[in-house]
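Geometric and topological summary
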Amino acid sequence: MHDSVAGTTTGVTTDVTTGICVRPGTVGDLTELTAIYNHYVVHTPITFDIEPVTVEGRRAWLDSHPATGRHRLLMAEEAGRVLGYATSSPFRDKRAYETSVETSIYLGPGHTGRGLGGLLYRTLFEVLAGEDVHRAYAGITQPNAASMRLHERFGFRPAGVLEQVGRKFGTFWDVAWLERRMV
């Protein structure tokens, strides 16, 4: 997925070989974005949410990711269907952290292994390059070899592991933290 036509200042990219469009998420995408996230809530330890979230409950999350600035929500779309999304969100809410972001990727079931994570991250980091972002962080529930490889491919390096930090499905899970220098 290297042949693309990108308008990276807005986060809009269209891959000319596949027709996959990466663009900012909108209110009209919220139902599909919520369904993708809830798949991970219900079936995996990847997110530590325990109960599915509602579309209404995700509205504030969507609104916290405008089309410009440090905190973005970019989604991959093919033939009008949301395939997955990537976000950059506040790392912590204290002001001294404002130039650090936490990134996440969620792909719809059946859409992994297609290079979508790479396309989403490439576009996300291109748009963030024009913003005042110093570091990006990612917390990855272990084990998750595919996510670790993706993040390492995009320049993330280990920052530490929080051992048995979350309990889900009756099991305690470790979370590996990775960081990426942005400037």
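Whatever comes next refers back to the structure up there.
Quick caveat: nothing in here was measured; it's all calculated off a predicted structure.

Criteria and cut-off values
- Residues numbered from 1 in each chain as written.
- Predicted model: local features only at pLDDT ≥ 70, side-chain atom pairs only at ≥ 80, totals over all residues.
- Heavy atoms only, no water.
- Helix = DSSP H or I, 4+ residues; strand = E, 2+ residues; numbered from the N terminus.
- Rg over C-alpha atoms; globule rule 2.2 N^0.38 Å.
- 1 Å grid on protein atoms, 1.4 Å probe; cavity = no way out; pocket = protein on both sides within 12 Å on 5 of 7 lines; lining within 4 Å.
- Points joined across faces, edges and corners; volume = space filled by probe spheres on them.
- Nonpolar A, V, L, I, M, F, W, Y, C, P; charged D, E, K, R; others polar.
- Phe/Tyr/Trp six-rings, centres within 6.5 Å; stacked < 30°, edge-to-face > 60°.
- Lys NZ or Arg CZ within 6 Å of the ring centre and 35° of its normal.

A few words on the overall build of the protein chain. Regarding its fold elements, the protein chain presents 4 helices and 9 strands. Counting from the amino terminus, helix and strand elements in the protein chain follow one another as β-β-β-α-α-β-β-β-α-β-α-β-β. Taken over C-alpha atoms, the radius of gyration comes to 16 Å for the protein chain, in line with the 16 Å a tight globule of 183 residues would show. Over its C-alpha atoms, taken along the principal directions, the protein chain stretches across nearly 45 × 35 × 30 Å.

All right, on to the layout of surface pockets then. Its volume calculated, the largest pocket comes out at about 1100 Å³. Lining the largest pocket are 40 residues, and of these Ile46, Ser104, Ile105, Tyr106 and Gly139 sit closest to its centre. Along the lines of polarity and charge, the residues of the lining of the largest pocket split into 19 nonpolar, 16 polar and 5 charged.

Once that is clear, we can look at the packing of aromatic side chains. Going through the model one piece at a time under the given rule, you end up with 12 aromatic pairs. When the ring of Tyr37 is compared with that of Tyr106, the centres are 5.2 Å apart and the planes differ by 75 degrees; the resulting orientation is edge-to-face. Residue Tyr37 is located in helix H1 (residues 30-43), and its partner Tyr106 is located in strand E6 (residues 100-107); the two are separated by 69 residues in the primary sequence. Aromatic pair Phe91 and Tyr97: ring centres 5.7 Å apart, planes at 65 degrees, arrangement edge-to-face. Aromatic ring contacts, followed pair by pair, group Tyr37, Tyr40, Trp61, Tyr85 and Tyr106 into a single cluster. Note that Arg58 overlies the ring of Tyr37, its terminal NZ or CZ placed 4.2 Å from the centroid. Taking NZ or CZ as reference, Arg180 lies 4.0 Å from the ring centre of Phe125, over its face.

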